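Given next are the chains, with one letter for each unit.
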Amino acid sequence: MLNSTNANEAAAKITALVVDDSRINQSIHRKLLENLGIENQVAGNGKEAVDVHCSGKQFDLILMDMDMPIMNGIEATRTLRAMGIRSTIAGVSSHAHNENIQEFVNAGLDDYQEKPLTISKLISILQKVNIN
Amino acid sequence: MEVGQMQRQWVDYTKSLFLEGLLDGQFLQLQQLQDESNPDFVVEVVSLFFDDSEKLLNDITRALEQPSVDFKKIGAHVHQFKGSSSSVGAQRVKNGCIPFRNFCEEQNIEGCIRCLQQLKQEYYLVKNKLETLFAMEQQIVAAGGSIPMLELSF
């Protein structure tokens, strides 16, 4: 199994925020993180993600959807970066690489993965997380 | 029926869903995520998918009935449907969304109506099959058995 003891130990101190308006993806992404022992919470759109940070919370990793109501992932990523948030932000959306994701990446992403997110994609994202 | 026989039936039924292309590897991912801490994970996620899908299908149907059809809005719904079906591994539903989006871009109403009918058929087929699968799982558990782990490779 991929969620070996080593992976669990390495991930034990990592915290994550799942930003997605779909309850299906919220459930799957949270479960993927939980199975790797990563503490996490959910924001239902970009604005909620910004609000959580305004209240002083910080995360090592943010899994950011692109299409969301109220505030999309592009704007949320840009806003968080403008606020000085240095967390690893991984864009996760169903847009294929060749579609218009460049704007999303330019907004300040550290990584981009096409949905559906899997254990192996998550592990590849986690390799970019810098725990200080 | 004894538990072993039920489990064999469950394995055969699950395999048939993959062989017919109704499900893809993403569904296996969900099954692999399920554990003792959350034994109903797959059923919960798939139930959310059913709720979402029926809302989306209704919204798309209504939008196509308007005197002035908003193709951009329908395209956004179809994109959402493609995302949710790919998240649960409902492969044929996901595949049905691809030509549908193209027809939205072309503003081709006949094409959209045809795709919607096909999408509904594919959705209700996979829903029916998954409900049967979950009912089989309940029977296995009720008889004191456990759900066999599938080792499928495609």
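As recorded in an unreviewed UniProt entry, chain B goes by Histidine-containing phosphotransfer protein and comes from Rosa chinensis. Recorded in UniProt under Function (unreviewed entry), the annotation for chain B is "Functions as a two-component phosphorelay mediators between cytokinin sensor histidine kinases and response regulators (B-type ARRs). Plays an important role in propagating cytokinin signal transduction."

On to the packing of aromatic side chains, then. For the structure on display, the rule yields eight aromatic pairs over all chains. Measuring from centroid to centroid gives 4.8 Å for Tyr123 of chain B and Tyr124 of chain B, while their planes differ by 70°, and the two rings are edge-to-face. Take Tyr123 of chain B: its relative accessible area is 0%, and that puts it in the buried class. Classification of Tyr124 of chain B as partly exposed rests on a relative accessible area of 42%. One aromatic cluster is present, built from ring pairs that chain together Phe49, Phe50, Phe81, Tyr123 and Tyr124 of chain B. Here Lys31 of chain A stacks its cationic end above the ring of Phe41 of chain B, 5.9 Å away from the centre of that ring. Directly above the ring of Phe50 of chain B sits Lys127 of chain B, whose terminal nitrogen or CZ lies 5.4 Å from the centroid.

Residues and elements named next belong to chain A. For helix H2 (residues 23-35), spanning 13 residues, the distance from its first C-alpha to its last is 18 Å, which sits close to the expected 18 Å at 1.5 Å a residue. The complete set of buried residues in H2 reads Ile24, Asn25, Gln26, Ile28, His29, Lys31, Leu32, Leu33 and Asn35. The distance from a side-chain oxygen at the start of H2 to the backbone nitrogen of Ile24 is 3.2 Å, and the residue carrying that oxygen is Ser22. Gly37 occupies a position one or two residues after H2 and carries a positive phi of about 75°.

Moving on to the UniProt feature "modified residue: 4-aspartylphosphate" (unreviewed entry) in chain A. Residues and elements named next belong to chain A. According to UniProt, the "modified residue: 4-aspartylphosphate" (unreviewed entry) feature falls on Asp65. Note that Asp65 resides in the loop between strand S3 (61-64) and helix H4 (73-82). A relative accessible area of 5% means that Asp65 is categorised as buried. Contacts of Asp65, omitting those with residues within four sequence positions, involve Val19, Asp20, Asp21, Gly73, Val92, Ser93, Phe104 and Lys115.

Now for the packing of helix H3 (residues 41-65) of chain B against helix H6 (residues 109-142) of chain B. Residues and elements named next belong to chain B. Running from amino to carboxyl end, H3 crosses H6 at an angle of 160°, the nearest separation of the two axes being 11 Å. The angle between H3 and H6 places the two elements in the roughly antiparallel class. Considering only the axes of H3 and H6, their crossing is left-handed. Mapping the contact onto sequence places Val42, Val43, Val46, Phe49, Phe50, Ser53, Glu54, Leu57, Ile60, Thr61 and Leu64 in H3 and Ile109, Cys112, Ile113, Leu116, Lys120, Tyr123, Tyr124, Lys127, Leu130, Glu131 and Phe134 in H6. When grouped by side-chain class, the residues that make up the contact of H3 with H6 number 16 nonpolar, two polar and four charged.

The subject of this paragraph is the state of the cysteines. Using the criterion set out here, one finds zero disulfides over all chains in the structure. Distance from the sulfur of Cys104 of chain B, which forms no disulfide, to the nearest cysteine sulfur (Cys112 of chain B) is 3.9 Å.

What follows covers the sheet that holds strand S4 (residues 88-93) of chain A. All names here are of chain A. Read from one edge to the other, the open sheet built from five strands follows the order S2-S1-S3-S4-S5, with strand pairing classed as parallel. Looking at which strands have only one partner, the edges of the open sheet turn out to be strand S2 (39-43) and strand S5 (111-114). Shown here is a sheet whose adjacent strand axes are inclined to one another by a mean of 20°, direction ignored. Packing of helix H3 (residues 46-54) onto the sheet brings it into contact with strand S1 (15-19), S2 and S3, and relative to S1 it is tilted by some 150°.

Now for the UniProt feature "modified residue: Phosphohistidine" (unreviewed entry) in chain B. UniProt's entry tags His79 of chain B with the feature "modified residue: Phosphohistidine" (unreviewed entry), counted in the numbering of this structure. Counting through the fold element by element, His79 of chain B comes out in helix H4 (residues 71-88). What His79 of chain B contacts, discounting residues up to four positions off in sequence, is Asp67, Ser94 and His95 of chain A together with Arg101 of chain B. Polar contacts involving the side chain of His79 of chain B include one to the side chain of Ser94 of chain A, which spans 3.2 Å.

Reading guide: rules and limits
Residues numbered from 1 in each chain as written. Chains lettered and ligands numbered in written order. Predicted model: local features only at pLDDT ≥ 70, side-chain atom pairs only at ≥ 80, totals over all residues. Heavy atoms only, no water. UniProt positions renumbered as here; feature names shortened; annotations may be inferred. Phe/Tyr/Trp six-rings, centres within 6.5 Å; stacked < 30°, edge-to-face > 60°. Buried < 20%, exposed > 50% of the residue type's maximum accessible area, 1.4 Å probe, protein only. Lys NZ or Arg CZ within 6 Å of the ring centre and 35° of its normal. Helix = DSSP H or I, 4+ residues; strand = E, 2+ residues; numbered from the N terminus. Expected span 1.5 Å × (residues − 1). Polar contact = N/O pair within 3.5 Å; in protein donor to acceptor, adjacent residues only side chain to side chain. Contact = heavy atoms within 4.5 Å. Axes fitted to C-alpha atoms, helices over the stretch in contact; angles between N-to-C directions. Parallel < 35°, antiparallel > 145°, perpendicular 65-115°, else oblique. Left-handed = near helix turned anticlockwise from the far one by under 90°. Nonpolar A, V, L, I, M, F, W, Y, C, P; charged D, E, K, R; others polar. Disulfide = S-S within 2.5 Å. Pairing = 2+ DSSP bridges.

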